[in-house]
Amino acid sequence: MSSAPSETRLRLRAVLNAQSTTILVVCLLLAAVGAGLVYTTHVDPGTTEESRTVSSLTVESEYRHSATVTEPNAVFATGSVLDGRDTYFTRIAPRLDVDVATSYAAPSAENVTVEVDSTLVIRNVGEGDTVYWRETEPLASETVSDVAPGETVNASFTLNSTAIDGRVASIEEQLGGSPGETETFVTTEVAVDGTVGEVSTASTQTLDMTLTHGDDTYSVSEPDVQSDTASRTERATVERSYGTLRSIGGPLLLLVGLVGAGGIGYATREFDLTLAPAERKYLSYRDDRSEFDEWITTFRLPESVHDRPTAEAGSLRDLVDFAIDNDTGVVEDPQTGGFHAGSGPDDGNAGDDSR
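This paragraph deals with the pattern of salt bridges. Under the defined criterion, the tally for this structure stands at four salt bridges. Here Arg64 ties to Glu62 by a salt bridge, and the two come within 3.0 Å at their closest N and O atoms. The class for Arg64 is partly exposed, based on a relative accessible area of 42%. Between Arg167 and Glu135 there is a salt bridge whose closest N-O contact spans 2.4 Å. Taken together, the residues span a long stretch of sequence, with Arg167 in helix H2 (residues 161–175) and Glu135 in strand E6 (residues 131–144) at a distance of 32 residues. When its relative accessible area of 35% is taken as the criterion, Arg167 is described as partly exposed. Given the relative accessible area of 25%, Glu135 is considered partly exposed.

This is the structure in structure tokens:
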């Protein structure tokens, strides 16, 4: 027998012959989409508006406090410093030394001024935040010019807990009592302004530190480092940018579309894609062979079988239908390449040589 044609090439020819117009249209659409993506991504991407930070100023402020032991005692040496505590002893260390430390961070800055103002507030507050009386006392005011990024500005003052207790007692004696609860705290206003990133920028902060007086102690409650960022933005027109998928996908679609359209055009012009009747019959046989594989057994038949009466089926499908109707199987003879189905030990064969 002559060698069988390439099934893959035959099927490719059959598809190209039947769907060449559709494939050409799809390729042209891919090329058009790819060309559009290439143009809008790489040639004329257009513009868009976005917010751009032109200045950023981060200000950090905190309270730092300590008390020096001034009275002899059995635990702390006179002159030693107790610092960063929540509670201090009124009898041995009544004076609280406080620093308000402020610094800022900015990419570039000039003519930056830092102002720190601290005030002692004593007030009596009732239900619903009703303030019955209030007294304030300036503690420290510090203004420093030409402060560099990272430089620390300190505003220092001292609080005498004994004197504060005496002041509260004096006020209550003069008023004849206080209906609410007396509070003592320090409030600090921090202002930073200057030219940051060539843009005039300003930032303000408010920090409170509370003092609570007991019989022989006083407690300090202050916030952690307070950090605030002031930013200024402006709208800017920039060239639109796209992701990697679109940047690569557009040229790839264009290339695939053009190559595909050119290939299908060349194939239909230079080659005869129409299948011959024998080629169509061969593909039909291969379809039947795959579909009915479970009905077919391959082994070599003896020569005597070929001497028996035979009938030729029109196709492998017809032969399998015959075998099913006669409750028998189909045998493929590898020597002849033929297919056979017997109807009984003394009956003839049905065969198919459609390969």
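Pairing geometry for strand E5 (residues 109–125) and strand E8 (residues 181–196), over 15 bridges, is antiparallel. When the bridges of E8 are listed, Val114 appears paired with Val192. Sheet analysis places E5 next to E6, joined by 12 bridges and oriented antiparallel. By the bridge assignment for E6, Asp117 is matched with Ser141.

The subject of this paragraph is the sheet that holds strand E3 (residues 87–89). Taken in spatial order, the six strands line up as E3-E10-E9-E8-E5-E6 in an open sheet, and their pairing is antiparallel. Of all strands in the sheet, those bounded by a partner on one side alone are E3 and E6. Across the sheet, the mean angle from the axis of one strand to that of its neighbour is 20°, orientation sign disregarded. On the sheet, H2 packs against E5, E6, E8, strand E9 (199–213) and strand E10 (217–221) and is oriented at approximately 145° with respect to E6.

Leu96, Leu159, Val186 and Met209 are the most contacted members of the largest nonpolar core, which totals 39 residues. With five residues, the top contributor of residues to this core is E5. Setting aside anything within four residues of it in sequence, one finds Leu159 in contact with Pro94, Arg95, Leu96, Val98, Leu120, Leu139, Ile164, Val186, Met209 and Leu211. Judged by nonpolar contacts, the second largest core, of 15 residues, contains Tyr282, Ile296, Val320 and Ala341.

With that out of the way, let us pick up the packing of aromatic side chains. One pass over the full model with this rule turns up two aromatic pairs. On the numbers, 6.1 Å between centres and 40° between planes, the contact of Phe76 with Phe89 is tilted. Here Phe76 is found in the loop between strand E1 (47–68) and strand E2 (81–83), whereas its partner Phe89 is found in strand E3, with 13 residues between them in sequence. A residue is classified by how much of its surface remains accessible, and Phe89, at 34% relative accessible area, is partly exposed. Between Tyr88 and Tyr218, the aromatic rings sit 5.7 Å apart at their centres with planes inclined by 25°, giving stacked as the arrangement. With Tyr88 in strand E3 and Tyr218 in strand E10, this pair connects stretches of sequence that are 130 residues apart. Taken as a pair, Tyr88 and Tyr218 share a single burial class, namely buried. Its end group placed over the ring of Tyr242, Arg246 keeps NZ or CZ at 4.0 Å from the ring centre.

Next up on the list: helix H3 (residues 244–270). The end-to-end C-alpha distance of H3 is 39 Å, a good match for the 39 Å that 27 residues give at a rise of 1.5 Å each. Restricting attention to buried positions, one finds in H3 the residues Gly250, Gly257, Ala261, Ile264 and Ala267. Buried residues belonging to H3 abut helix H1 (7–43).

A surface patch of nonpolar side chains, amounting to about 370 Å² of accessible area, comprises Leu252, Leu255, Val256 and Val259. With respect to the secondary-structure elements, Val256 resides in helix H3. For Val256, a relative accessible area of 43% puts it in the partly exposed group.

The subject of this paragraph is the side chain of Thr90. On the secondary structure map, Thr90 appears in the loop between E3 and strand E4 (95–105). A polar contact of 3.4 Å, which involves the side chain of Thr90, links it to the backbone nitrogen of Thr217. Residue contacts for Thr90: discarding those within four places in its chain leaves Ser161, Thr162, Asp216, Thr217 and Tyr218.

This next bit is on H2. Helix length check: H2, at 15 residues, gives a terminal C-alpha distance of 21 Å against a target of 21 Å (1.5 Å per residue), a fit within 8%. Every buried residue belonging to H2 is among Ser161, Ile164, Val168 and Ile171, and all of these are buried. When H2 is viewed along its axis, its buried side chains cluster within an angular range of 90° and face the same direction. Set apart from the buried face of H2 by more than 90 degrees, the exposed residues are Glu173 and Gln174. Residues of H2 that are buried in the fold lie against E5, E6, strand E7 (153–160), E8, E9 and E10. Capping the start of H2 is the job of one residue whose side-chain oxygen sits 3.0 Å from the backbone nitrogen of Thr162: Asn160. One or two residues past the end of H2 sits Gly176, with phi positive at roughly 85°.

Reading guide: rules and limits
Residues numbered from 1 in each chain as written. Predicted model: local features only at pLDDT ≥ 70, side-chain atom pairs only at ≥ 80, totals over all residues. Heavy atoms only, no water. Salt bridge = Lys/Arg side-chain N within 4 Å of Asp/Glu carboxyl O. Buried < 20%, exposed > 50% of the residue type's maximum accessible area, 1.4 Å probe, protein only. Helix = DSSP H or I, 4+ residues; strand = E, 2+ residues; numbered from the N terminus. Pairing = 2+ DSSP bridges. Axes fitted to C-alpha atoms, helices over the stretch in contact; angles between N-to-C directions. Contact = heavy atoms within 4.5 Å. Core = buried A, V, L, I, M, F, W, Y, C linked by side-chain atoms within 4.5 Å. Phe/Tyr/Trp six-rings, centres within 6.5 Å; stacked < 30°, edge-to-face > 60°. Lys NZ or Arg CZ within 6 Å of the ring centre and 35° of its normal. Expected span 1.5 Å × (residues − 1). Patch = residues over 30% accessible without salt bridge, like charges linked within 9 Å, V, L, I, M, F, W, Y side chains within 5 Å. Areas by Shrake-Rupley, 256 points an atom, 1.4 Å probe, with all protein chains shown as cover. Polar contact = N/O pair within 3.5 Å; in protein donor to acceptor, adjacent residues only side chain to side chain. Arc of directions from axis to C-beta.

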